[in-house]
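# Structural features, examined
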Amino acid sequence: MAHRTDLFDVGALRLSSGEGRRLELDVPVDGFDFGGQRYSIPGGQVAAILDVAHTTSGYALRLRFQTALVGPCMRCLEPAGHEVEVDAREIDQPGGGEELSSPYLEADELDLKAWARDALALALPTQIVCREDCLGLCAVCGEDLNEAGPDHAHEHEPDPRWAALRELKLD
Ligand SMILES: [Zn+2]
Ligand SMILES: [Zn+2]
C-alpha cells in the first residue's frame, strides 16, 4: 500500500551521492478551475512514482503519474473524462543559484502536493473536450449540436446593413 503523502522527507532516505530510490506514493491533488469549469481528481489523489537521486551535492527528482479529470467538456458541458499524463523533473543543488534550486524542496522536505498540482496544471491541454470533434452547443438556442444533427439551423434575421445597401440605387 502506498502512503498518502503531502510532504516527503528526502533526507530520511539517507542516500549517499550517486544513490537513488524509486517510491510509489499517493499524492493528494485538489480540484481546480480551468476555462471557467470545475475539474476534480478521482479520489482526490494520484498514484505517483517518485524517483529521488542524490547527486554530488543535491538531488535530482522525477515525478510521474497519470490521472483522469472529472468535469465537463468545455464545448458541450457533457462529462469529458479526460486523461492527463504528467512527467516532471526538478533539480536541487545547494549553491547552484536560482536555476538549480527547486521551489518544492525546502531543507530536504519535498512539497509533493504543490509539485503535483503545478505539474498537472502544466500538462493540461488548451481545452478539455469530450472528443476532438465535439460540435458544442448551438450559439442561438443552446442545444447540444452533437445530438441535434446536421440539419439544426435557425432562420437568420436579415442583417440591417444589407437592408440599407438594398435601398442604394447603383447606376
Ligand atoms: Zn463535448
Ligand atoms: Zn439552435
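The notes below deal with the structure included here. (Residues numbered from 1 in each chain as written. Chains lettered and ligands numbered in written order. Predicted model: local features only at pLDDT ≥ 70, side-chain atom pairs only at ≥ 80, totals over all residues. Heavy atoms only, no water.)

## Topic: the coordination of the zinc ion (ligand 2)
Basically, it comes down to this: Water is not part of the atom set, so a site may look incomplete; the donors themselves are N, O and S atoms within 2.8 Å of the metal, or 3.2 Å for Na, K and Ca. For a four-donor site, all angles between 85 and 135 degrees give tetrahedral; for four or six donors, opposite pairs above 155 degrees with the remaining angles between 65 and 115 give square planar or octahedral; all remaining cases count as irregular. Exposure categories follow from relative accessible area, calculated using a 1.4 Å probe and restricted to protein chains: below 20% of the type maximum is buried, above 50% is exposed, and the middle band is partly exposed.
Surrounding the zinc ion (ligand 2) are the protein donor atoms Cys138 (SG), Cys141 (SG), His152 (NE2) and His154 (NE2), at 1.9 to 2.2 Å. For the zinc ion (ligand 2), the four donor atoms in the first shell make angles of 104 to 116° at the metal, a pattern classed as tetrahedral. Cys138 sits in the buried class, given a relative accessible area of 10%.

## Details of the coordination of the zinc ion (ligand 1)
Where a metal carries four tetrahedral donors, each ideal angle is 109.5 degrees; where it carries six octahedral donors, the ideal angles are 90 or 180 degrees. Threshold: Put simply, DSSP marks the helices as runs of H or I at least four residues long and the strands as runs of E at least two long, and each gets a number from the N terminus on.
At the metal site, the zinc ion (ligand 1) is ligated by Cys73 (SG), Cys76 (SG), Cys130 (SG) and Cys134 (SG), and these contacts range over 2.3 to 2.4 Å. Here the zinc ion (ligand 1) binds four donor atoms, and the angle range of 106 to 114° at the metal identifies the geometry as tetrahedral. Each donor residue of the zinc ion (ligand 1) lies on the same chain, and together they follow the pattern C-x2-C-x53-C-x3-C. In this pair, Cys76 is assigned in the loop between β7 (59-69) and β8 (82-92) and Cys130 in the loop between α1 (112-123) and α2 (145-148), connecting sequence segments 54 residues apart.

## Quick look at α1
This is how the line gets drawn: Residue count minus one, scaled by 1.5 Å, sets the expected span of a helix.
If you check α1, its first and last C-alpha atoms are 16 Å apart, about what twelve residues at 1.5 Å a residue would give, namely 16 Å. Considered for burial, the residues of α1 that qualify are Leu112, Ala114, Trp115, Ala116, Ala119 and Leu120.

## Comments concerning the packing of aromatic side chains
Basically, it comes down to this: Stacked, tilted and edge-to-face pairs are distinguished by plane angle, under 30 degrees for stacked and over 60 for edge-to-face with tilted covering the rest, among Phe, Tyr and Trp rings (Trp via its six-membered ring) whose centres lie within 6.5 Å.
Enumeration over the complete set of coordinates arrives at two aromatic pairs. Relative to Trp115, the ring of Tyr104 lies with its centre 6.0 Å away and its plane at 15°, an arrangement referred to as stacked. Of the two residues, Tyr104 sits in the loop between β8 and β9 (105-106) while Trp115 sits in helix α1, which places them eleven residues apart along the sequence.

No statement about biological role is implied by the geometric values presented.
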